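An overview of the molecular structure
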Amino acid sequence: MQDASPDATPSPAIKSRLLKQLEKEIAAAASPMASAGARAKRAMLLARHGAVGEAREALTALHQLSFQHPHPEIGAWLHMAEGLMSYYNGFVAQQAWDRIQRAQAIAGSAPALVEVRVLAAAWLAQLAFIRHDPAALVEHARRCLDEALPDHHVALARVAMAMGVGWHYAGDVESAQRWYIRARHHAAVEGDDASLSALMFNMAGMRASQLRRESLWAHAARGPELLLTVDSMHHFDEAVGAQMMGELRPVLRAQVLTMQGGFDEARQLYEEHLPQAMSLGLERLGSSLLSDLAWCRANLGQHEHALHQAREAEIELDPDCELDDRAITHSRLAQTFRLLGEIADADRHQALADEAWQQFADQQRQWRDLLGASGLTP
């Protein structure tokens, strides 16, 4: 019997070899139950492409099937898919973590559910990076790599990406690149354009963070080649129908322009896209991005507005935010206040920046030691 459910309908806007393959598997399945895994993977792929509404429709149909035919396999896949829906529909990392852990638990040790387990482990590794928990990153990456089969390309691409950004954050770009190459290989073999898009964005984002730090240390322009990368990402996403990074990419471009001295264009991009981007998971960067905007305004001669923006960045600075974001915020505010003639505020923020940079260097060393001791290699 053919699966005539709504989520078997092709998605013409998304040009993905993986999506076409999943839709063939769904159409060829002997029963809706037999296609449950493929349908869940299709819904997750739609979410990863940014087609969240279409993904929700596909998952609703799968939920209905689960009510009619309760089975651990459907339950595990559903929790896995709902976890990714939480992540991509607003980047709610904690809710995604809980649902994906539940998927992993339901999958247990059943041989038939190994794909759910390795995919869950790969995503838990990614979320552990976001939580800044390198021990958990290593733990879940090892679980994925220990059990994954050679053709589990989506999971292997994701775990390689997680290890890559982990090493990049730790300051070891060469090790990061080796993992990025592995992630690109698995995504390309599978025809998984959503993973390729995510990899491009993560690599560019990590490179931008590194260059922001270097530009603040050296007080010099950085990042001209990154603008080409950001433009390439845009063209790639348009070609494959990926929508997920549409609001985040302009903010990344604004960061690069700020480093280069393109203050007016950066200001316009921040004003237009920063509110939406912060609602999509960039809250932790709020103070550093607002300090960038204040720096742009100060350089454009908008002194009163720049001072107001700098004060806002001070208020938004979360004392528990990540060390590099805190250090970047204090450094940028020190520059901004100095340009505005607020010398006492500039000196205060410079002292706080120096302290935060030292703490960040210590943290990077801890990450390198932990990742290195893991024995995990690409």
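Residues numbered from 1 in each chain as written. Predicted model: local features only at pLDDT ≥ 70, side-chain atom pairs only at ≥ 80, totals over all residues. Heavy atoms only, no water.

1. Some points on helix α8 (residues 153-169)
- Its 17 residues place the ends of α8 24 Å apart at the C-alpha level, agreeing with the 24 Å of an ideal helix rising 1.5 Å per residue.
- Summarising burial for α8: 17 of the 17 residues are buried, a large majority.
- Immediately beyond the C-terminal end of α8, within one or two residues, lies Gly-171, with a positive phi of roughly 95°. (Helix = DSSP H or I, 4+ residues; strand = E, 2+ residues; numbered from the N terminus. Expected span 1.5 Å × (residues − 1). Buried < 20%, exposed > 50% of the residue type's maximum accessible area, 1.4 Å probe, protein only.)

2. Some details on the layout of surface pockets
- Its boundaries defined by the atoms lining it, the second largest pocket holds a volume of some 430 Å³.
- What lines the second largest pocket is a set of 23 residues, among which Leu-18, Lys-41, Glu-115, Val-154 and Glu-190 lie closest to the centre.
- Broken down by secondary-structure element, the contributors of at least two residues to the lining of the second largest pocket are α1 (17-28), α2 (36-48), α4 (72-88), α6 (114-130) and α8.
- Of the residues forming the lining of the second largest pocket, the biggest block, seven residues, is contributed by α1.
- Grouping the constituent residues of the lining of the second largest pocket by class yields 11 nonpolar, three polar and nine charged. (1 Å grid on protein atoms, 1.4 Å probe; cavity = no way out; pocket = protein on both sides within 12 Å on 5 of 7 lines; lining within 4 Å. Points joined across faces, edges and corners; volume = space filled by probe spheres on them. Nonpolar A, V, L, I, M, F, W, Y, C, P; charged D, E, K, R; others polar.)

3. Considerations on helix α5 (residues 93-107)
- Spanning 15 residues, α5 covers 21 Å between terminal C-alpha atoms, matching the ideal 21 Å at 1.5 Å per step.
- Buried within α5 are the following residues: Ala-96, Trp-97, Ile-100, Ala-103, Gln-104 and Ala-107. One side of α5 carries all its buried residues, which in axial view fall inside an arc of 130°.
- Looking at the packing, one finds that the buried side of α5 touches α4, α6 and α7 (134-147).
- After α5 finishes, the residue Gly-108 shows a positive phi value of roughly 55°. (Arc of directions from axis to C-beta. Contact = heavy atoms within 4.5 Å.)

4. A look at the packing of helix α15 (residues 303-316) against helix α16 (residues 323-339)
- One can describe the packing of α15 onto α16 by two numbers: an axis separation of 11 Å at closest approach and a directional angle of 155°. For the element pair α15 / α16, the angle class is roughly antiparallel. As α15 runs across α16, the sense of the crossing is left-handed. Residues Leu-307, Ala-310, Arg-311, Ala-313 and Glu-314 of α15 form the contact with α16, whose own contacting residues are Leu-333, Thr-336 and Phe-337.
- Its residues assigned to classes, the contact of α15 with α16 comprises five nonpolar, one polar and two charged. (Axes fitted to C-alpha atoms, helices over the stretch in contact; angles between N-to-C directions. Parallel < 35°, antiparallel > 145°, perpendicular 65-115°, else oblique. Left-handed = near helix turned anticlockwise from the far one by under 90°.)

5. Describing the pattern of salt bridges
- For the coordinates displayed, the defined rule picks out 19 salt bridges.
- Here Asp-192 and Arg-48 are joined by a salt bridge, their closest N and O atoms 3.2 Å apart. Here the residue Asp-192 occupies a position in the loop between α9 (173-190) and α10 (193-218), and Arg-48 occupies one in helix α2, the gap between them amounting to 144 residues. For the pair Asp-192 and Arg-48, one class covers both residues: buried.
- Among the salt bridges present, the one from Arg-253 reaches Glu-265, with a minimum N-O distance of 3.4 Å. You can see Arg-253 sitting in helix α12 (residues 248-260) and its partner Glu-265 sitting in helix α13 (residues 263-282), a full 12 residues away along the chain.
- Note on Glu-265: relative accessible area 38%, which makes it partly exposed. (Salt bridge = Lys/Arg side-chain N within 4 Å of Asp/Glu carboxyl O.)

6. Details of the packing of α8 against α9
- Axis separation between α8 and α9 bottoms out at 8 Å; the angle between their running directions is 160°. It follows that α8 is roughly antiparallel to α9 by the angle criterion. Along this stretch, α8 crosses α9, giving a crossing that reads as left-handed. Each of His-153, Val-154, Leu-156, Ala-157, Ala-160, Met-161, Met-163, Gly-164, Val-165, Trp-167 and His-168 in α8 lies in contact with α9, whose residues at this interface are Val-173, Ser-175, Ala-176, Trp-179, Tyr-180, Arg-182, Ala-183, His-186, Ala-187, Val-189 and Glu-190.
- Taken together, the residues of the contact of α8 with α9 break down into 15 nonpolar, five polar and two charged.

7. A closer look at the packing of aromatic side chains
- Tallied over the entire structure, the rule returns 10 aromatic pairs.
- Each ring, one from Trp-217 and one from Trp-357, has its centre 5.2 Å from the other, and the planes form 75°; the classification is edge-to-face. With a gap of 140 residues between them, Trp-217 in helix α10 and Trp-357 in helix α17 (residues 343-373) connect regions that are remote in the sequence.
- With a relative accessible area of 48%, Trp-217 lands in the partly exposed category. (Phe/Tyr/Trp six-rings, centres within 6.5 Å; stacked < 30°, edge-to-face > 60°.)

8. A closer look at the confidence of the model for the chain
- On average, residues of the chain carry a pLDDT of 87, and 88% of them reach 70 or more.
- Within the chain, no element has a lower average pLDDT than helix α11 (residues 224-240), which sits at 62, and none a higher one than α7, at 98.
- Across residues 1-12 the pLDDT falls below 50, and counting only partners more than four positions away or on other chains, this stretch makes 31 contacts in the model. (pLDDT = per-residue confidence, 0-100.)

9. Overview of the environment of Ala-61
- Here Ala-61 shows up in helix α3 (residues 52-68).
- Remark: the alpha-carbon pair of Ala-61 and Arg-39, spanning 22 residues in sequence, is separated by 9.3 Å.

10. Considering unusual backbone geometry
- Phi is positive for His-132, which is not a glycine, with a value near 60°.
- The residue His-132 is located in the loop between α6 and α7 in this model.

11. Topic: the environment of His-330
- Mapped onto the elements, His-330 comes out in helix α16.
- Residue His-330 is classed as buried on the basis of its relative accessible area of 7%.
- It is 4.9 Å that separates the C-alpha atoms of His-330 and Ala-353, two residues lying 23 residues apart in sequence.
- Contact partners of His-330, with chain neighbours within four places excluded, come to Leu-317, His-349, Leu-352 and Ala-353.

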